[in-house]
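Residues per chain, in single letters:
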Amino acid sequence: MSAYGDPQLERELKARAVRGGILRSALLWVPVAAVTTGAFLFFLYDRTAGGGERGSTWFLVVVLGFLAFLFGYQAVQSVLDLFAKPRVRQGRVTRMWSRRDSLVLKTYYVRVDRQILRADAHAVAGVREGDWVEVTYYPHSAVLVWAEVVPEPGDGEEARGQGRDPAGGSGRGPIERR
């Protein structure tokens, strides 16, 4: 069976691919953050208690502290999303743009109301500025799993931010409702 004919299977494969990307991000940033934090703590101790006998300077301590913070932030966001379920919400796309992160990769960004989400071309296919969408995303790293254009809720319909269950069920399962 082909995944291209079944929308539910396409979503499942896309969710697995995004989760794999978050896992790769955690595997990259957690060791880098640990090494940088360890070096920061070592040189901070050397500078404050050891008198700088091992070659530490305040400049080195400040630079390592800044890098440890940056790498640690990336690592924490990835690890938090590893243990979190994707969220689903509805909102209006107020802006869309893209940029090249390298010579080969093009990343798309979507602002749904006030939240900016990072996506690939497949996740935002068919979505334009001004559309009312239901988005599935990871909250900490703001990675968009799937976006679908849905009818805008009226007066008696579902309230804003309360999406329907994409599987048609009760809303319980692997996707957390917000």
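Above this text is the structure in question.
Since the model is a prediction, treat every value here as computed from it, not as a measurement.

**Remarks on the packing of aromatic side chains**
For the structure shown, the criterion picks out three aromatic pairs. Ring geometry for Trp29 versus Phe71: centroids 5.5 Å apart, planes at 25°, classification stacked. Taken as a pair, Trp29 in helix 1 (residues 7-48) and Phe71 in helix 2 (residues 58-82) lie far apart in primary sequence, 42 residues in all. For Trp29, a relative accessible area of 24% puts it in the partly exposed group.

**What about the pattern of salt bridges?**
Opposite charge on two side chains permits pairing when their charged atoms draw close. Scanning all chains against the criterion turns up six salt bridges. Between Arg16 and Glu12 there is a salt bridge, and its shortest N-O distance comes to 3.4 Å. Residue Arg16 and its partner Glu12 are located together in helix 1, separated by four residues, close to a single helical turn. For Arg99, the salt bridge is made with Asp101, and the minimal N-O distance between the two is 3.2 Å.

**Details of the side chain of Gln90**
By secondary structure assignment, the location of Gln90 is in strand 1 (residues 87-100). For Gln90, the side chain forms a polar contact with the side chain of Trp132, separated by 3.0 Å. In terms of polar contacts, Gln90 uses its side chain to reach the side chain of Glu134, at 3.5 Å.

**Focus on unusual backbone geometry**
Positioned with a positive phi, Asp113 is a non-glycine residue whose angle comes to about 55°. Among the secondary structure elements, Asp113 is positioned in the loop between strand 2 (106-112) and strand 3 (115-119). Using a relative accessible area of 15% as the deciding quantity, one classes Asp113 as buried.

**What about a nonpolar patch on the surface?**
Together, Phe59, Val63, Phe66, Leu67, Phe69 and Leu70 give the surface a local cluster of nonpolar side chains, amounting to about 610 Å² of exposed area. Structurally, Leu67 is set in helix 2. Under the relative-accessibility criterion, Leu67 is labelled partly exposed at 30%.

Reading guide: rules and limits
What you see as residue numbers is a count from 1 along each chain, following the sequence as written. Local features are withheld for residues below a pLDDT of 70 in this predicted model, meaning they are given only at 70 or higher, and side-chain atom pairs are given and counted only at 80 or more; totals for whole chains, interfaces and linings count all residues. To obtain the side-chain values, all non-hydrogen atoms of the structure were used and water was disregarded. Pairing of aromatic rings covers Phe, Tyr and Trp, the last through its six-membered ring, and needs centres within 6.5 Å; plane angles under 30 degrees mean stacked, over 60 mean edge-to-face, and all others mean tilted. Each helix is a run of H or I in the DSSP string that is no shorter than four residues. Each strand is a run of E no shorter than two, and both are numbered from the N terminus. Note on classification: 1.4 Å probe, protein chains only; a residue is buried when its accessible area is under 20% of the maximum for its type, exposed when over 50%, partly exposed between these limits. The salt bridge criterion pairs a side-chain nitrogen of Lys or Arg with a carboxyl oxygen of Asp or Glu, the two atoms within 4 Å. What qualifies as a polar contact is a pair of N or O atoms within 3.5 Å, subject to a donor-acceptor requirement within protein and to the restriction that residues adjacent in sequence count only when both atoms come from side chains. Residues with no salt bridge and a relative accessible area higher than 30% make up the patches, which join like charges within 9 Å and nonpolar side chains (Val, Leu, Ile, Met, Phe, Trp, Tyr) within 5 Å. Surface accessibility in these figures is a Shrake-Rupley result with a 1.4 Å probe; residues are shielded only by whichever protein chains are displayed.

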